[in-house]
Amino acid sequence: MDDTRLVVNCGSSSLKLALFDAQDRLITSALAERLNSCNVRATISGKDSPVALPSEASHTQALEALIDEFRALGLMPSAPSAIGHRVVHGGETFRHSALIDDAVREAIDACSGLAPLHNPVNLTGIDATRAMFPRVPQVAVFDTAFHQTLPRKAFHYAVPEYWYRDWGVRRYGFHGTSHKYMAQEAARRLGQPQSNTSIISCHLGNGCSITAIRNGISVDTSMGLTPLEGLVMGTRSGDVDPGLFDYLATKGLSAKRVNKALNSESGLLGISGQTNDMRTLCDLADNGHEASNLAIDIFCFRLAKYIGGMMTSLSRLDALVFTGGIGENSPRIRQMTLENLTILGFSIDHEANKNHGRQADGRVDEKNSRFPVLVIPTNEELVIAREAARFAHAPDPA
Ligand code: ADP
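In this text, all values refer to a predicted model and were calculated from it rather than measured experimentally. Along each chain, residue indices are assigned from 1 in the same order as the chain's sequence is written. For a predicted model such as this one, the threshold for reporting local features is a pLDDT of at least 70, and the threshold for listing and counting side-chain atom pairs is 80 or more; totals across whole chains, interfaces and linings nevertheless cover every residue. Each side-chain value is worked out from all heavy atoms of the structure, with water and hydrogens disregarded.

Helix and strand definitions follow DSSP, with helices as H or I runs of at least four residues and strands as E runs of at least two, each counted in order from the N terminus. Within the protein chain, the secondary structure is distributed over 15 helices and 13 strands. Restricting the calculation to C-alpha atoms gives the radius of gyration, and the globule rule supplies 2.2 Å times the number of residues raised to the power 0.38. In terms of overall dimensions, the protein chain is globule-like: its C-alpha atoms have a radius of gyration of 21 Å, near the 21 Å expected for 398 residues. By its C-alpha atoms, the protein chain is 55 × 55 × 45 Å across when sized along the principal axes. In the protein chain, buried positions account for 50% of the 398 residues. The contact definition used throughout considers only heavy atoms, calling two residues in contact when any of these lie within 4.5 Å. Taking as baseline every contact in the protein chain between residues at least 6 positions apart, the subset at least 24 positions apart corresponds to 62%. Values of accessible area rely on a 1.4 Å probe in the Shrake-Rupley scheme; residue burial ignores everything except the protein chains shown. When the accessible surface of the protein chain is totalled, it reaches about 18000 Å², and 51% of it is carbon and sulfur. Here the term buried applies to any residue with accessible area under 20% of the maximum for its type, exposed to any over 50%, and partly exposed to those in between, with areas from a 1.4 Å probe on protein chains only.

Given below as structure tokens:
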């Protein structure tokens, strides 16, 4: 059997596909954006797709059209050997990836209450590819699963116990696929076994989270019940005083309105009043825009505070790792963050930092730094493809 694996990532209005060969090489990728609107756009390997998707195309229609196109371009055999799906929330049910059958599908659906914007649309993708490829193993890979190893003291909020017991209110954590990849890659680059490697992993993209990984296992993370908690993000506030809900009610803002503002109108966008995009923000700051400068300052200060906090979960730190669009590409953010941490003994090599890490190992720390600092490009699709491969020769699910 051809060992091509398909990775499916259904977001609220987008669909991302990636195809990997047996050697874990990316064959091609595709993106459909603004689905269910009149401005649908599709690209294959970054170029406009030769197939025009109909206006208002759904996730299912986009999936079928792009897979047909992969086949027409000779990029994919008639069926892949396995399909990996990104699923946002696995609750406490899923500690690992899972081969999808009717029971697993139902259990993913049961977690929808915890991720109402994500799990239902993830299931749309699962249903569509199960209908198209009923004999191909399909695997769900959860953003939350890697964090199911958190000890109780790290996942339990200081709230009434029955909120957790009856309603599942606890820290779940997200970006697990990326943090897991950091654990693997950091260990590989440091030349030591993952099971004996402890790192702090900073995933800094539009969403941002930080995870303490002790001996390869997630032991604390900054995102919580939802992906709103923790670091400052593009449009999300991260930590705020929950007392602001009541205070803002006296100003006429409902809890729903405040929640929306904290998710979509806050973070870098809220502080700068200009943009959620870090690159643009840096340009604005360079041109003297004070509010953008402040947004960058707050972003780095909060991150540094969390790095310090994450150390309490580790007995040793083998590396601090930066990843995600900002973590991989912004020397300025890495430098400003570490400047807030000189008391802990971090010291940066400016030349290596400018180059996003030394060629051999991605390190940006100076010789006298107390801890190694690594820049590692994330590759969530590859992790999902590898998980799918583990099931590729599993028994026929049909
Ligand atoms: P997502 O979380 O949507 O996958 P990414 O991981 O691609 O997002 O990260 C997007 C962020 O990375 C944006 O804020 C973007 O401005 C930032 N970014 C990308 N390149 C740079 C750069 N050279 N300098 C600063 N920020 C950058």
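Time to look at the packing of helix H2 (residues 102–110) against helix H3 (residues 119–132). Axis definition: a line fit to C-alpha positions, over the contact stretch in the case of helices; interaxial angles, taken between N-to-C directions, run 0 to 180 degrees. Close contact between H2 and H3 brings their axes to 10 Å; oriented N to C, the two are set at 160 degrees. Relative to H3, the element H2 lies roughly antiparallel. Remark: the crossing between H2 and H3 carries left-handed chirality. Where H2 abuts H3, its residues Asp-102, Arg-105, Ile-108 and Asp-109 lie against Asn-119, Leu-123, Ile-126, Asp-127 and Arg-130. Note that Gly is not counted as nonpolar here; it falls among the polar residues with everything else outside the nonpolar set of Ala, Val, Leu, Ile, Met, Phe, Trp, Tyr, Cys and Pro and the charged set of Asp, Glu, Lys and Arg. In terms of residue class, the contact of H2 with H3 is made up of three nonpolar, one polar and five charged. Oblique is the label for every angle not falling under 35 degrees (roughly parallel), over 145 degrees (roughly antiparallel), or within 65 to 115 degrees (roughly perpendicular). In this scheme the crossing of two helices becomes right-handed for a clockwise turn of the near helix relative to the far one and left-handed for an anticlockwise turn of less than a right angle.

Here we come to the sheet that holds strand E4 (residues 41–44). Spatially, eight strands are ordered E5-E4-E3-E2-E1-E6-E8-E7 in an open sheet, and the strand pairing comes out mixed. In the strand order of this sheet, the two ends are held by strand E5 (47–48) and strand E7 (98–99), each with one partner. Contacts from helix H1 (residues 59–72) reach strand E1 (5–10), strand E2 (15–20), strand E3 (26–33) and E4 within the one sheet, and its direction differs from that of E2 by about 30 degrees. Packing against the sheet, H3 makes contact with E1, strand E6 (82–87) and strand E8 (138–142), and its axis sits at approximately 170 degrees to E6. Note: two strands are recorded as paired if DSSP finds a minimum of 2 bridges between them.

Quick look at the sheet that holds strand E11 (residues 217–221) now. The strand order across the open sheet formed by five strands is E11-E10-E9-E12-E13, and the pairing between neighbours is mixed. If you trace the sheet from one side to the other, it starts and ends with E11 and strand E13 (373–375), each paired once. Across the sheet, the axes of successive neighbouring strands diverge by a mean angle of 25 degrees, strand direction being ignored. Taken together, the four bridges between strand E10 (residues 208–214) and E11 define a ladder with antiparallel strand orientation. Residue Ile-213 lies in a different strand from E11, and its bridge partner there is Ser-218. Along the sheet, helix H6 (residues 176–190) contacts strand E9 (199–204), E10, strand E12 (319–323) and E13; its crossing angle with E9, the most-contacted strand, is approximately 130 degrees.

UniProt positions are given in the numbering used here, feature names are shortened, and annotations may be inferred rather than shown by experiment. Taken from the UniProt record, the annotation "binding site: Mg(2+)" (unreviewed entry) applies to Asn-9 and Glu-380. The greatest C-alpha distance among the annotated residues, which extend across 372 residues, is 10.2 Å, indicating that they converge on a single site. Tracing the chain through its elements places Asn-9 in strand E1. Of the residues examined, Asn-9 reaches a relative accessible area of 14% and is grouped as buried.

With that out of the way, let us pick up the packing of aromatic side chains. Each pair of aromatic rings taken from Phe, Tyr and Trp, with Trp reduced to its six-membered ring, is defined by centres within 6.5 Å and is described as stacked if the planes are under 30 degrees apart, edge-to-face if over 60, and tilted in the remaining cases. Applying the stated rule across the entire model yields four aromatic pairs. Taking the centre distance of 5.6 Å and the plane angle of 55 degrees together, the rings of Phe-155 and Tyr-164 count as tilted. As far as the burial class goes, Phe-155 and Tyr-164 line up, both buried. When the ring of Tyr-162 is compared with that of Trp-167, the centres are 5.5 Å apart and the planes differ by 70 degrees; the resulting orientation is edge-to-face. Take Tyr-162: its relative accessible area is 37%, and that puts it in the partly exposed class. Residue classification places Trp-167 among the exposed residues on the basis of a relative accessible area of 56%. Both a distance and an angle decide whether a charge sits over a ring: NZ of Lys or CZ of Arg must be within 6 Å of the ring centre and within 35 degrees of the ring normal. A cation sits over an aromatic face here: Arg-170 above Phe-155, 3.7 Å from the ring centre. The ring of Tyr-172 has Arg-170 sitting right over it, with the charged end atom 5.0 Å from the ring centre.

Where burial is concerned, most of E9 is hidden: six out of the six residues are buried. Here E9 shows two buried faces, one formed by Ile-199, Ser-201 and His-203 and the other by Ile-200, Cys-202 and Leu-204. Where E9 and E10 come together, six bridges link them in antiparallel fashion. Bridging from a neighbouring strand, Leu-204 pairs with Cys-208 of E10. Between E9 and E10, which pair antiparallel and follow one another directly, the connecting turn spans three residues. With five bridges joining them, E9 and E12 adopt parallel strand pairing.

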